[in-house]
Amino acid sequence: MALKPSARKVQDALAAAGFANVVVELPDSTRTAAEAAAAVGCEVGQIVKSLVFRAASGRVVLVVASGAHRVDEGRVATELGEQIGRADAELVRAETGFAIGGVPPFGHARALTTLVDEALLAHAELWAAAGHPNAVFRCTPAELVAMTGGRVVRVA
Ligand code: 5CA
């Protein structure tokens, strides 16, 4: 079945970067980590959340976090050496090219400084948003780190 355009964009970005991961559209919502875990049938900790922050310097930062974690902004600020705050929906769309609920961990409109939650490395298999609130792709932690180019740190 044909993917929706925003999910197709992620599938194309995967292929262009040399990854064989496959985007799937599910009948149930994967808009939140809890919904995605229920739809996929995995633990919430295996869901990859892609959260956008703006740092004090103006740079935009992506935190790729476990669905089981609430990101500690203080910890992320320490990692970055500057304060951060949540991006609003408009900034998320401008920087990533995707709407909240479907923001993938890579393949964005602009290259973002990226941090990867070390807790994600505890799982053999992860599921990440793929452009649309019904679309996900499966990956390993090694693939996630490779595709994001992110630094693995403690974020919670
Ligand atoms: N598709 C799922 C996981 S596969 C997903 O995208 N989850 S998420 O956690 O990465 O994206 C939803 C996140 O967007 C929420 O955790 C929430 O913190 C954030 N969010 C929701 N509404 C807003 C908003 N108005 N402004 C900024 N961030 C928001």
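The preceding data block contains the structure.
Along each chain, residue indices are assigned from 1 in the same order as the chain's sequence is written. Only residues with pLDDT of at least 70 get local features here, since the model is predicted, and only at 80 or more are side-chain atom pairs given and counted; chain-wide, interface and lining totals rely on the full set of residues. Heavy atoms throughout the structure, all of them, feed into the side-chain values; hydrogens and water do not.

This part covers the layout of surface pockets. Cavity and pocket criteria rest on a 1 Å grid covering protein atoms alone: a 1.4 Å probe that fits but cannot get out defines a cavity, protein on both sides within 12 Å along at least 5 of 7 lines defines an open pocket, and an atom within 4 Å of a point defines a lining residue. Grid points are joined across faces, edges and corners, and a volume is the space filled by probe spheres set on the points. Estimated volume of the largest pocket: approximately 370 Å³. If you go around the largest pocket, you meet 22 residues; those closest to its centre are Arg31, Ser50, Leu51, Ile100 and Gly101. Examining the composition of the lining of the largest pocket, we find that 6 residues originate from one element, strand β2 (residues 47–55), more than from any other. Amino acid classes used here: Ala, Val, Leu, Ile, Met, Phe, Trp, Tyr, Cys and Pro are nonpolar; Asp, Glu, Lys and Arg are charged; the rest, including Gly, are polar. Counted by class, the lining of the largest pocket contains 14 nonpolar, 5 polar and 3 charged residues. A run of H or I in DSSP becomes a helix once it reaches four residues, and a run of E becomes a strand once it reaches two; helices and strands are each numbered from the N terminus.

To continue, consider the packing of aromatic side chains. In summary, the pairing rule links any two rings of Phe, Tyr or Trp, Trp by its six-membered ring, whose centres are within 6.5 Å, and it sorts them by plane angle into stacked for under 30 degrees, edge-to-face for over 60 and tilted for everything else. Under the counting rule described, the total for this entry stands at 1 aromatic pair. Note on phenylalanine 19 and phenylalanine 106: the rings are 6.5 Å apart at their centroids and 75° apart in plane angle, and the pair reads as edge-to-face. Residue phenylalanine 19 is located in the loop between α1 (5–16) and β1 (23–25), and its partner phenylalanine 106 is located in the loop between α4 (89–96) and β5 (113–117); the two are separated by 87 residues in the primary sequence. Both a distance and an angle decide whether a charge sits over a ring: NZ of Lys or CZ of Arg must be within 6 Å of the ring centre and within 35 degrees of the ring normal. It is lysine 9 that lies over the ring of phenylalanine 98; its NZ or CZ is 4.4 Å from the centre.

We call a residue near a molecule or strand as soon as one heavy atom of that residue lies within 4 Å of the molecule or strand. Of all residues adjacent to the ligand, which total 13 residues, the nearest are Thr30, Lys49, Ser50, Arg86 and Gly101. Pairs of N or O atoms within 3.5 Å make up the polar contacts considered here, provided that, within protein, one atom can donate a hydrogen while the other can accept it, and that residues adjacent in sequence are counted only when both atoms are side-chain atoms. Between the ligand and the protein, one listed contact pairs a nitrogen atom with a backbone N or O atom of threonine 30 at 2.5 Å. Here an oxygen atom of the ligand sits 3.1 Å away from a polar atom, N or O, in the main chain of serine 50. Contact with the protein chains removes 71% of the 620 Å² of surface that the ligand exposes when unbound. To decide whether a molecule occupies a pocket or cavity, check its atoms: if more than half lie within 2 Å of the grid points, it is inside. Applying the majority rule of atoms within 2 Å of the grid points places the ligand in the largest pocket. In terms of residue count, β2 provides more of the shell around the ligand than any other element does, 4 residues in total. When grouped by side-chain class, the residues that make up the shell around the ligand number 6 nonpolar, 4 polar and 3 charged. Throughout, the Shrake-Rupley method with a 1.4 Å probe supplies accessible areas, and for residues the shown protein chains are the sole cover considered.

This next bit is on the pairing of β2. Regular strands place their side chains on alternate faces of the sheet. A 1.4 Å probe rolled over the protein chains alone gives each residue an accessible area, and that area as a share of the maximum for its type sets the label: buried under 20%, exposed over 50%, partly exposed in between. Burial runs high along β2: 7 of the 9 residues are buried. Should DSSP find at least two bridges between two strands, the strands are taken to pair. Examined bridge by bridge, β2 and strand β6 (residues 126–129) share 2 bridges and lie parallel to one another. Paired with isoleucine 47 across the strands is tryptophan 127, a residue of β6. As paired strands, β2 and strand β3 (residues 60–66) are joined by 7 bridges and run antiparallel to one another. Counterpart to leucine 51 in the pairing with β3 is valine 63.

Right, let's talk about the state of the cysteines for a bit. To count as a disulfide, a pair of cysteine sulfur atoms needs to be within 2.5 Å. This model, assessed by the stated rule, comprises 0 disulfides. The structure places no disulfide on cysteine 42, whose sulfur is separated from the nearest cysteine sulfur, that of cysteine 139, by 11 Å. Relative accessible area serves as the criterion here: at 18%, cysteine 42 is assigned to the buried category.

On to the nonpolar core. Buried Ala, Val, Leu, Ile, Met, Phe, Trp, Tyr and Cys residues that are joined via side-chain atoms within 4.5 Å together make up what is termed a nonpolar core. Grouped together as the largest cluster of nonpolar side chains are 29 residues, with contacts concentrated most on Leu14, Val23, Phe137 and Leu144. For this core, the elements supplying multiple residues, two or more each, are α1, β2, β3, α4, β6, β7 (135–139) and α5 (141–148). Take this core: its biggest share by element is 4 residues, from α1. Pairs of residues are marked as contacts when any of their non-hydrogen atoms sit within 4.5 Å. Excluding its chain neighbours within four sequence positions, the residues that come into contact with leucine 14 are Phe19, Asn21, Val23, Phe106, Phe137 and Met147. With 13 residues, the next largest nonpolar core counts Leu51, Ala55, Val63 and Val76 among its residues.

Counting buried positions along β5 yields 4 of 5 residues, so the element is predominantly enclosed. Bridging between β3 and β5 involves 4 bridges; their strand directions are parallel. Paired with leucine 62 across the bridge in β5 is threonine 114. In this sheet, strand β8 (residues 151–153) lies alongside β5 in parallel orientation, the contact comprising 3 bridges.

From the geometry alone we can't say anything about function, so treat these as descriptive.
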